[in-house]
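# Descriptive analysis of the structure
Read off the chains here:
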Amino acid sequence: GCGFFSYAHKLPPWNSDDAGDTHPLKSTMDAVVRHVWRVAAHAFPKAKDATAAEWWAHCRPHGSGHQMHFDSDDEGMGGVIRHPICSAIVFVTGGVGG
């Protein structure tokens, strides 16, 4: 199976009141991404300028962790390292941990 996947999620123009009325929600994940975006924008006002949100998931054995890293776009391809405006983590769990 696939242990990791990543998506670039396009964002509509900023509208803090938009709950899917102006720019209809396309999926449940769209609703989650927009909610996290609105929450993040309170702490990081520059997040309102974002045009996309990357989201990813992976499945690893319990306790295996994730290597320390800095989020960046294409890991500095072309000699320029670009970092996101902000990063947020949302944990999705089932009825039992692991």
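This text gives an overview of the structure that appears in the document. Every value quoted in this text rests on a predicted model; they were computed, and no experiment measured them. (Residues numbered from 1 in each chain as written. Predicted model: local features only at pLDDT ≥ 70, side-chain atom pairs only at ≥ 80, totals over all residues. Heavy atoms only, no water.)

Before going further, it helps to spend a moment on the packing of aromatic side chains. One pass over the structure, following the stated rule, counts two aromatic pairs. The interplanar angle of 80° and the centroid separation of 4.9 Å between the aromatic rings of Trp14 and Trp37 together place this pair among those described as edge-to-face. Pair noted here: Trp14 is in the loop between strand S1 (4-10) and helix H1 (28-43) and Trp37 is in helix H1, with a separation of 23 residues, a long-range link. A residue is classified by how much of its surface remains accessible, and Trp37, at 9% relative accessible area, is buried. (Phe/Tyr/Trp six-rings, centres within 6.5 Å; stacked < 30°, edge-to-face > 60°. Helix = DSSP H or I, 4+ residues; strand = E, 2+ residues; numbered from the N terminus. Buried < 20%, exposed > 50% of the residue type's maximum accessible area, 1.4 Å probe, protein only.)

An ideal rise of 1.5 Å per residue puts 22 Å on 16 residues; H1 measures up with 24 Å between its terminal C-alpha atoms. Taken together, the buried positions of H1 are occupied by Asp30, Val33, Arg34, Trp37, Ala40 and Ala41. Down the axis of H1, the buried side of the element spans an arc of 125°, and every buried residue falls inside it. Facing away from the buried side of H1 by over 90 degrees, the exposed positions are Thr28, His42 and Ala43. Two or three places before Met29, at the start of H1, stands the capping residue Ser27, its side-chain oxygen 3.3 Å from that residue's backbone nitrogen. (Expected span 1.5 Å × (residues − 1). Arc of directions from axis to C-beta. Polar contact = N/O pair within 3.5 Å; in protein donor to acceptor, adjacent residues only side chain to side chain.)

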